[in-house]
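Topology and contacts: notes
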Amino acid sequence: MTTTTDAATTTGRTSEPVGGGLNRLQAFDGLFLRAEHLQQIQTYAEQLAYATGQATGHGVVHGFDVPKIDKDAILRVGPGLAVNPQGRPLKSEQIATIALTGLTPAADGYWIVEIIAASTPYGDESVYGQLCTDPCAGGSTQQPFSTEGIRVRLTPATEPQLDNLFNPAQRRNFLASRLFAKEHTAGPPWLTTPPLTSHDWNLGAPPPTGDSVPIAVLLRTAGEWEIDVWAVRREIGAPTPQHTWQTRLGMRPWPAFLAQILQFQDLLATKHAPPTAANTQRHIEQQLAYAIAKVKERKQKEPLHVLNMLRSTLAGTTTETTEPLPGLGITELPPAGYLPTSGSDSVEDQITALLGPHVDTRFCRCRPDHVPHAIEQAQHMDRIPLTDQAHPPAIDILVPIPGTGPITDATTAYGWVAFTRRRSTDCGPGPVDEVDVYATTDDSTVIEKLDAGHVPDGEPLATATFPPRTWAVPTSDAYQKAVAAVGEHNKIALYGLASSEERRPLAAVRAALLLGPLDDKDIDSFVLRTAVVPAGTREAIVIAVGDAQVAPTKPEDPPEPGEEQ
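Rules of the game
- For every chain, the first residue of the written sequence is number 1, and numbering continues from 1 along that sequence.
- With pLDDT at 70 or above as the cut-off, local features in this predicted model cover only qualifying residues; side-chain atom pairs require 80 or more to be listed or tallied, and sums for whole chains, interfaces and linings still use all residues.
- The basis for every side-chain value is the complete set of heavy atoms in the structure, and neither hydrogens nor water enter the calculation.
- Numbering of helices and strands starts at the N terminus; helices are DSSP runs of H or I of at least 4 residues and strands are runs of E of at least 2.
- Note on exposure labels: buried denotes an accessible area under 20% of the residue type's maximum, exposed denotes more than 50%, and partly exposed covers the range between, all computed with a 1.4 Å probe on protein chains only.
- Contact definition: two residues touch when any of their heavy atoms are within 4.5 Å.
- Areas reported here follow the Shrake-Rupley algorithm with a probe of radius 1.4 Å; residue values treat only the protein chains shown as occluding.
- Nonpolar side chains (Val, Leu, Ile, Met, Phe, Trp, Tyr) within 5 Å and like charges within 9 Å form the patches, drawn only from residues with over 30% relative accessible area and no salt bridge.
- Each salt bridge in this description consists of a side-chain nitrogen of Lys or Arg and a carboxyl oxygen of Asp or Glu lying within 4 Å of one another.
- Pairing between two strands is assigned when DSSP locates at least 2 bridges connecting them.
- Note on geometry: axes are lines fitted to C-alpha atoms, helical ones only across the stretch in contact, with angles between N-to-C directions running from 0 to 180 degrees.
- In the analysis that follows, any N or O atom pair within 3.5 Å is treated as a polar contact, provided that within protein one partner can donate a hydrogen and the other can accept it, and provided that, for residues neighboring in sequence, both atoms belong to side chains.
- Here the word oblique covers every angle except those under 35 degrees (roughly parallel), over 145 (roughly antiparallel) and from 65 to 115 (roughly perpendicular).
- Amino acids outside the nonpolar list (Ala, Val, Leu, Ile, Met, Phe, Trp, Tyr, Cys, Pro) and the charged list (Asp, Glu, Lys, Arg) are all regarded as polar, and Gly is one of them.
- Between the rings of Phe, Tyr and Trp (Trp by its six-membered ring), a pair exists once the centres lie within 6.5 Å; its type follows the angle of the planes, with under 30 degrees stacked, over 60 edge-to-face, and the other angles tilted.
- The criterion for a charge sitting over a ring is simple: Lys NZ or Arg CZ within 6 Å of the ring centre, and within 35 degrees of the ring normal.
- Directions are taken from the helix axis to each C-beta atom, and the arc is the one they span.
- What counts as a disulfide here is a pair of cysteine sulfur atoms lying within 2.5 Å.
- Predictor confidence is given residue by residue as pLDDT, running from a minimum of 0 to a maximum of 100.

Before going further, it helps to examine the overall build of the chain. Each helix and strand counted, the chain has 11 helices and 22 strands in total. For the chain, the residues scored as buried account for 36% of the 565 residues in total. The contacts in the chain between residues at least 6 apart in sequence include a share of 74% that link residues at least 24 apart. As displayed, the chain has an accessible area near 33,500 Å², and 54% of this comes from carbon and sulfur atoms.

This is the structure:
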């Protein structure tokens, strides 16, 4: 019998073509080439470049540095290269400037410094040979070229409570922490929006939106301009789909993690420095404002510490700022980072004083090449608050050992330590093997039942626990009860009753470890046996005790004359 199969049911199928937005010129001989055709060639190349840019991700490639603002109140942005969310390259070879004179923030306001695309036409060429016109008539002129560059845009934004901080020095750290938190929940994380099965897990990442690349935030604090770059700037690090799914799964993309570390290091370098002649007055004003705020909160320790520091500063007896980070306006840290140390005090004393009293620190000495991996492991962990008295965060301080790594001189310290948020995992006690412990007499009926794998009647003395499929020293409770059951008996039959033939050796080892050494007892008869219990019966250790009949001891021969007795 011959079977035939319809080919239409076994072959694949292909849909009709659909457009992709990539339109190119289909040239042919005899085509009257006009400007629109040449423009389509450029548009096609541009669309291909944008698609490639979207595939590689958006952010800063290099440059676009924003230095601190001088007294001339001019914001300067250096040359650089970035890619916007639409995949368009943003390139500049010159310094862009914006005058800030007269710029006033709204309540709780600040600005986001952004890079956007800009096209500027230039050149001057006459237009010849247009259709339906006299070729000898005077024509118009056009600008035939266009330079692709960038503009710097200040976009106003607000953050609630930004203007209500007691210590103005906290504004920059406060704003950065809020922006980092918004970024972490912008996905949004699917693991925090139950039910878990309500999401469309079969859908891919959506297309990116927006046309700008943020490079800094601009604040007005105590009448002065303040720049924070890493609160919003992100270097290109991953394609859009990877970034999307990391956010949805509660992860922190690497560019965001790197930005949090760099933002803290930059802020620390600004705050943790000796007051100079140029900023001494501002330093004193900020610290006095902090001390006054703590007095209003009926605090004593913090204001007294700040006042003592300021007194030393005015007297010229201090060479570096040593107050805790919260006093410097840094109340939250990234999940990992670096802290400076000096040779004046012990590392433990310096770091404890710097972090303040509301953290749980553990100091760990290690080779310097261990630190990068430890920093990397903290990528997806929460940020570290320094003022949470009710729930002090646990932090590990990694102290590089002198004489290891790049510095081979054992007497030269590295001058820094790393910190990471400590991992906290509670896996519970885990699975265990429970073994019942019995004590009985060694009469022949009992021994016969034990040899057949039957446990004695009645309740067990105790239940010993062991790691699954292995032996271990049993709990002290089971051991003490087992030794008490032996008492003054001098005859012991010890049984390890296993659940299968393969576990009999394990049962023997567990039984021997349970009873332990009996050196302090006068044991005349000891045997160790194993058997297999019936199906459904829990494994057991049975101690069968009795009293052996001891033969009378033969008297020793009397000593020979002259021998010592």
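The grouping of L191, L196, W201, L249 and M251 at the surface amounts to a nonpolar patch, some 440 Å² of accessible area in total. Summarising the element assignment, L196 is placed in the loop between α2 (171-184) and β10 (213-221). Residue classification places L196 among the partly exposed positions, given a relative accessible area of 46%.

Our focus in this paragraph is the pairing of strand β6 (residues 109-122). Of the pairings in the sheet, the one linking β6 to strand β9 (residues 145-158) comprises 14 bridges and is antiparallel in character. For V113, the partnering residue across the bridge sits in β9 and is L154. Where β6 lies against β10, five bridges are found, and the strand directions are antiparallel. Bridge pairing links E114 to P214 in β10.

So, on to the sheet that holds strand β14 (residues 360-366). Sheet architecture is open: four strands sit in the order β13-β17-β16-β14, paired in mixed fashion. Across the chains shown, the open sheet's two edge strands, defined by having one partner strand only, are β13 (336-340) and β14. Across the sheet, the mean angle from the axis of one strand to that of its neighbour is 30°, orientation sign disregarded. The strands touched by helix α4 (residues 254-271) are β13 and β17 (416-421); relative to β13, the strand with the most contacts, the crossing angle is about 20°. Against the sheet, helix α7 (residues 347-355) touches β13, β14, β16 (394-400) and β17, its axis set at about 145° to β14.

In this fold, R171 is placed in helix α2. Looking at R171, its side chain comes within polar contact range of the main-chain oxygen of L162, at 3.2 Å. One polar contact links the side chain of R171 to the main-chain carbonyl oxygen of R220, over a distance of 3.2 Å.

Pairing is antiparallel across the open sheet formed by three strands, whose spatial order is β1-β3-β4. Each edge of the open sheet carries a strand with a single partner, namely β1 (59-63) and β4 (89-92). Sheet twist, expressed as the mean angle between neighbouring strand axes with direction ignored, is 10°. As paired strands, strand β3 (residues 80-83) and β4 are joined by four bridges and run antiparallel to one another. Looking across to β4, one finds that L81 is bridged to K91.

Once that is clear, we can look at the pattern of salt bridges. All chains considered together, the criterion is met by 29 salt bridges. Of the charged contacts in the structure, one is a salt bridge between E114 and R153, with a shortest N-O distance of 3.1 Å. Here the residue E114 occupies a position in strand β6, and R153 occupies one in strand β9, the gap between them amounting to 39 residues. Between D433 and R503 there is a salt bridge whose closest N-O contact spans 3.1 Å.

On to the packing of α2 against α4, then. Two numbers describe how α2 lies on α4: the axes approach to 11 Å, and their chain directions differ by 180°. Taken together, α2 and α4 sit at an angle that is classed as roughly antiparallel. Note on element contacts: α4 touches α2 through A256, A259, Q260, Q263, D266, L267 and T270, opposite R172, N173, A176, F180 and E183. Of the residues belonging to the contact of α2 with α4, the class tally is five nonpolar, four polar and three charged.

What follows concerns the environment of L288. Position of L288 relative to the elements: it lies in helix α5 (residues 280-296). Placed 15 residues apart in sequence, L288 and P303 show a C-alpha to C-alpha distance of 8.5 Å.

According to the stated counting rule, one finds nine aromatic pairs in the structure shown. Across the ring face of W225, the terminal group of R220 is positioned such that the distance to the ring centre comes to 4.5 Å. It is R248 that lies over the ring of W245; its NZ or CZ is 4.7 Å from the centre.

Attention now moves to helix α9 (residues 444-451). Looking at α9, one finds that the buried residues are V446, I447 and L450. End-on view of α9: buried residues confined to an arc of 100°, all on one side of the axis. Pointing more than 90 degrees away from the buried face of α9 are the exposed residues S444 and E448. Packed against the buried residues of α9 are β18 (433-441), β20 (491-498), β21 (525-532) and β22 (540-546). G453 sits one or two residues past α9 and shows a positive phi near 90°.

With that out of the way, let us pick up the environment of L203. Along the polypeptide, L203 turns up in the loop between α2 and β10. The contacts of L203, once residues within four sequence positions are left out, are W245 and R248.

Not every positive phi belongs to a glycine, and F64 is a case in point at roughly 55°. F64 sits in the buried class, given a relative accessible area of 1%. A positive phi angle is found at Q161, which is not glycine, with a value near 75°. You can call Q161 partly exposed: its relative accessible area is 42%.

What the rule picks out here adds up to zero disulfides. Counting only cysteine sulfurs, C366 is the nearest neighbor of C364, a cysteine outside any disulfide, at a range of 7.6 Å.

On average, the chain scores 86 in pLDDT, and the residues at 70 or more come to 84%. In this model, residues 317-321 is a region of pLDDT below 50 whose contacts with residues beyond four sequence positions or in other chains number 14 contacts.

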